[in-house]
Amino acid sequence: MSNNKKSEIFSEIDLKREKSHQLNNYPDEKTYLPKSKVTKYKKKVYSAPTVINLEVTEACNVKCRHCYNPWRDTSAGKFNVDEKKFDFLLDEFIKNKVFHVIISGGEPLARYDLTCYAIDKLHKNNISTSLNSNLMLATEEKMSKLKSLGLDHVLTSWFSFFKKETDFITTYKGSFQKIIDGIKATVKSGVRVSANTIVTQHNKNTIYDSGKFLHSLGVSQFFAHRVIPPAYDRSDKNKEHHTTIQESKFSLDELLRLKKDTGMKVGTLINYPLCMLGDLEKYKDFVGRGCPTQSGHRFSINSNGQTHGCVMEDKEYGNVYEIGLKEAYAKTISWRNESYLYEGCKGCHYIDVCQSGCRMHGMAATGRMDQKDPLMPGKEFIVKPYKLEKDTHIQSKIETGAKLYVPKSIRFRFEEVENFYLLNIRWGNTIEISKEEGDFLIQMQKNQKEFQLSDCKFENALNRLTGFIAKEALKSKDIEIEVRKTGVNIDPAKLPNIENSELLESHPNLEIL
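Quick summary incoming for the structure in this document.

The rules we used
Residues numbered from 1 in each chain as written. Predicted model: local features only at pLDDT ≥ 70, side-chain atom pairs only at ≥ 80, totals over all residues. Heavy atoms only, no water. Core = buried A, V, L, I, M, F, W, Y, C linked by side-chain atoms within 4.5 Å. Buried < 20%, exposed > 50% of the residue type's maximum accessible area, 1.4 Å probe, protein only. Helix = DSSP H or I, 4+ residues; strand = E, 2+ residues; numbered from the N terminus. Contact = heavy atoms within 4.5 Å. Pairing = 2+ DSSP bridges. Axes fitted to C-alpha atoms, helices over the stretch in contact; angles between N-to-C directions. Parallel < 35°, antiparallel > 145°, perpendicular 65-115°, else oblique. Patch = residues over 30% accessible without salt bridge, like charges linked within 9 Å, V, L, I, M, F, W, Y side chains within 5 Å. Areas by Shrake-Rupley, 256 points an atom, 1.4 Å probe, with all protein chains shown as cover. Salt bridge = Lys/Arg side-chain N within 4 Å of Asp/Glu carboxyl O. Disulfide = S-S within 2.5 Å.

Considering the nonpolar core
In this structure, Leu 54, Phe 93 and Leu 277 are the most contacted members of the largest nonpolar core, which totals 96 residues. Counting residues per element, this core draws most heavily on helix H4 (residues 112-124), which supplies seven residues. In contact with Phe 93, other than residues within four places in its own chain, are Ile 52, Leu 54, Val 98, Val 101, Leu 122, Ile 127, Ile 301 and Leu 325. The next biggest cluster of nonpolar side chains, apart from the first, holds 27 residues, and it includes Val 406, Tyr 421, Ala 473 and Leu 474.

Have a look at this one:
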């Protein structure tokens, strides 16, 4: 793609304003190499992301103290995605078979007309969407229109249970009530709302009370995760952008208490080192998320077209309007080929699930992407394994002849280089399946045909079909299932064999009953 494409899409003002927003120095990528590990799991490398985090505007009505956007002090509000730019991006998403786009910013409701345009166009092209918004600009009328265009989920920011503390964190007087009003309007419109709190030194003791209050407003799920020092403050000058291991575990304990008392779904949006969790049975709701960028799923595009692997990252991989999505994504290969794993994790049998915790936290603490996550105590601190629940009811039904089918909503993408399929269940929920499995399921879906276990010739068919039903990749009129409303989808292939003697040698304090 020639540089002329950007000159065709950008206005003269855009071209004059455009500049790099990278604030921090990153080591040369040639200094990173794929790490060795003791596990046998072979990671697959994708041709393109499955989920795009698209920042449609730099404009924002608040200036949060922990904001990760590197342009917050120099150009906030200057760059926006317009219809012409979005049409170019949409073509790139379609061409690369992206499954899901997260509309974010800045504050996307500050560009409401463009947000409507984008969501409408995406859904008409079979690309699902969600919205990241503080909801301070939301009204029932606006959110109802977005719902009619296909939007069914919003992730909103929640800062504290206390009004003054919220206003301090957002640096906006009156933000507390505006967020509450926005949540109420969105819930009333029928759009599902989840909320996320970034845990800092300011709000670390408010998680339980916040969750109970949000539950009373109709919020369906509450996330909370440790703060990562933002691009403008990697050194955490005022000692506010950090949490200790004890403080982080306390926030998770408060989430579990909230779940027990209210039934509310809980989770975390940033990976924690599994050795910090220790008891993987107790903290199973937070096991399995991993890092969506290291997994190959997530990729971020700024409103000016610059790209990043992780939303917390200010390193730039090229302007998508100049080099296209595929080439920009290809430049993040070190994220995806295990070059950023911490060398000290190579003896851990949980490395494929944990992925060395948060790489951006390691970068903030050490200046390198492949160094230790500050919340990582060491593999010997894992004391209880994650127990994979067996779906015996589903398995029994399949063995006795249950008829299965592939829902029309299931989407597939073939990865030609590594010869496998990606199967998207919904939103950003995508799993890897073999070519043989994918070919068979696509044919069944195309013909709208039911099938049984005896029709499946691929390897380990019974266990694979059982897993597909449990994840809702397949359905059956003969099988009633209670869709799991808790926990994180975890790939069993990434879990260690608890009967392996080497596991106990590597994790001497692990209790296996």
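Topic: helix H11 (residues 320-330)
Of all 11 residues in H11, eight are buried; the element is thus mostly enclosed. For H11, every residue scored as buried is listed here: Val 320, Tyr 321, Glu 322, Ile 323, Gly 324, Leu 325, Ala 328 and Tyr 329.

Looking at the sheet that holds strand S1 (residues 51-55)
Taken in spatial order, the nine strands line up as S7-S6-S5-S4-S3-S2-S1-S8-S9 in an open sheet, and their pairing is mixed. Where the open sheet ends on each side, the last strands, each with one partner, are strand S7 (265-267) and strand S9 (307-308). As judged from the two bridges shared by strand S8 (residues 298-301) and S9, these two strands associate in the antiparallel manner. Across the sheet, residue Ser 300 finds its bridge partner in S9, namely His 308. Of the strands in this sheet, S1, strand S2 (100-104) and S8 touch helix H3 (residues 83-95), which is tilted by about 170° from S1.

A short note on the sheet that holds strand S12 (residues 429-434)
Strands belonging to one sheet form pairs held by backbone hydrogen bonds; the direction of such a pair is parallel or antiparallel. If you walk across this open sheet you meet the three strands as S10-S11-S12, and the pairing is antiparallel. Looking at the sheet topology across the chains shown, the edges are occupied by strand S10 (411-415) and S12. Across the sheet, the axes of successive neighbouring strands diverge by a mean angle of 25°, strand direction being ignored.

What about the packing of H4 against helix H5 (residues 140-148)?
Relative orientation of the contacting elements H4 and H5 amounts to 20°, with a least axis distance of 10 Å. The angle between the axes of H4 and H5 places the two elements in the roughly parallel class. Of the residues in H5, those in contact with Tyr 112, Thr 115, Cys 116 and Ile 119 of H4 are Glu 141, Lys 142, Lys 145 and Leu 146.

Let's talk about a nonpolar patch on the surface
Where nonpolar side chains cluster on the molecular surface, the patch consists of Ile 498, Leu 504 and Ile 512 and spans about 220 Å² of accessible area. On the accessibility criterion, Ile 512 (31% relative accessible area) is partly exposed.

Some thoughts on the state of the cysteines
Taken as a whole and assessed by the stated rule, the structure comprises zero disulfides. The thiol of Cys 67 is unpaired, and the distance to the nearest cysteine sulfur, on Cys 64, comes to 6.4 Å. Its sulfur unpaired, Cys 345 is 6.1 Å from the next cysteine sulfur, which belongs to Cys 354. Of the residues examined, Cys 345 reaches a relative accessible area of 9% and is grouped as buried.

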